[in-house]
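Descriptive structure summary
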Amino acid sequence: MVKRPSLGFGRALCALSLAAACSTASRDAASVTAEPAPIAAARYTVDLGRTPLMGQGHGVLLIGYDVEAIGPDETVEFLRKSVALHRELGAPATYFSTGLTLETVAGEFRALAADPLFDVETHTYTHERLKPLFEERPEGTRFLAASSPDALAASVARSIAASAEVLGQPSIGMTAPFGAYRGLVDRPDLLALLEAAGVRFVRAYSRNERDWQPVPFDVQPFWYALQGHPRILEIPVQGWQDVLWRETHGWDDLAGYRDLLDDALDTVAARNLVWSYCAHDWGSLRGDPDLSLIRHLLVEARRRGIVLATHRGFYEAALASSPPA
Ligand SMILES: [Zn+2]
């Protein structure tokens, strides 16, 4: 005859919980599901010293423009001026365009995409939000809901189809509209959605713990390996996005914004970091019709020995140098 435990069911569960919480040995005995062991960060982050692109010791700057303006005139003006500036300085850049804007100004995008200085990636079709935001701004807080998974999947697929149609090859990179704190580390469902659509690198980590700015420069590119998507690279957007700082501090405070850029460049160069900088078509010309802020950023980056690359170039260098296990 089997001897029955003397504890009642409720008390037995309670004892089991306590044992599980108190010791590894007890936890092993009591667990009903296997939990993964912790992995050292070096196993899923990008080793900057492994390629010529990233091993020069003064950091890497990736310029990424989100292109999303509703009216095409502003976008066309921005594209023409920014392309001319980048060509003059020989500085690469990435344009993350919504599919709708890409189709609206297709000719401009076709012309710039033919230049190896530039790559064109996506920003969903009509700016769908991946994750909800609880955005604590200085002037108050707001909650912004996420798009439904079906709407998001349709938007991403449509934007990539648009890039294939307009440019002759599909985009493989994406800036997540609005971004989110910690990117997609807690959303393997969204990573699966992006991977199925063909996305291979994403700028989703562009908010801090208040779903606001700035994002610390300690946040560096990493593979979503722990979430089961080791071939998707997160390229976080650190510091301030241009429009969020400038609408908070004043669109005419160009000197203040130059100081902010200089401080960020000093940090990147001194610590040999990767910085994905986020600017916007509709904000770049506001109070700065000649793009003097972008010129300042590019010139000062070069002066500090910071390497400039496109996001796709960085992704390919990362994949070649430190592919995830
Ligand atoms: Zn956007």
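Residues numbered from 1 in each chain as written. Predicted model: local features only at pLDDT ≥ 70, side-chain atom pairs only at ≥ 80, totals over all residues.

1. Observations concerning the overall build of the protein chain
The secondary structure content of the protein chain amounts to 12 helices and 11 strands. Considering only C-alpha atoms, the protein chain reaches an extent of 90 × 45 × 40 Å along its principal axes. Scored against the burial criterion, the 325 residues of the protein chain give a buried share of 41%. For the protein chain, the share of sequence-separated contacts (at least 6 apart) that also reach a separation of at least 24 residues comes to 79%. (Helix = DSSP H or I, 4+ residues; strand = E, 2+ residues; numbered from the N terminus. Buried ≥ 20, exposed ≤ 12 C-beta atoms within 10 Å, placed from the backbone. Contact = placed C-beta atoms within 7 Å.)

2. A short note on unusual backbone geometry
Omega for the peptide link from Gln-213 to Pro-214 comes to -5°, which places this bond in the cis form. Positionally, Pro-214 belongs in the loop between strand 7 (201-207) and strand 8 (222-224). Even without being a glycine, Arg-182 presents a positive backbone phi close to 65°. Looking at where Arg-182 falls in the secondary structure, it is placed in the loop between strand 6 (173-181) and helix 7 (188-197).

3. Looking at the environment of Leu-62
Mapped onto the elements of the fold, Leu-62 is located in strand 1 (residues 60-67). For Leu-62, a count of 25 C-beta atoms within 10 Å translates into the label buried. Taking C-alpha positions, Leu-62 is 11 Å from Phe-118, a pair spaced 56 residues apart along the chain. Beyond its immediate chain neighbours, meaning those up to four positions away, Leu-62 contacts Thr-94, Ile-235, Val-274, Trp-275, Ser-276, Tyr-277, Ala-309, Thr-310, His-311 and Phe-314.

4. Examining the pairing of strand 3 (residues 118-122)
Across the five residues of strand 3, five count as buried, placing the element largely inside the fold. Here strand 3 shows two buried faces, one formed by Phe-118, Val-120 and Thr-122 and the other by Asp-119 and Glu-121. Taken together, the five bridges between strand 2 (residues 93-97) and strand 3 define a ladder with parallel strand orientation. Of the residues in strand 3, the one forming a bridge with Phe-96 is Glu-121. (Pairing = 2+ DSSP bridges.)

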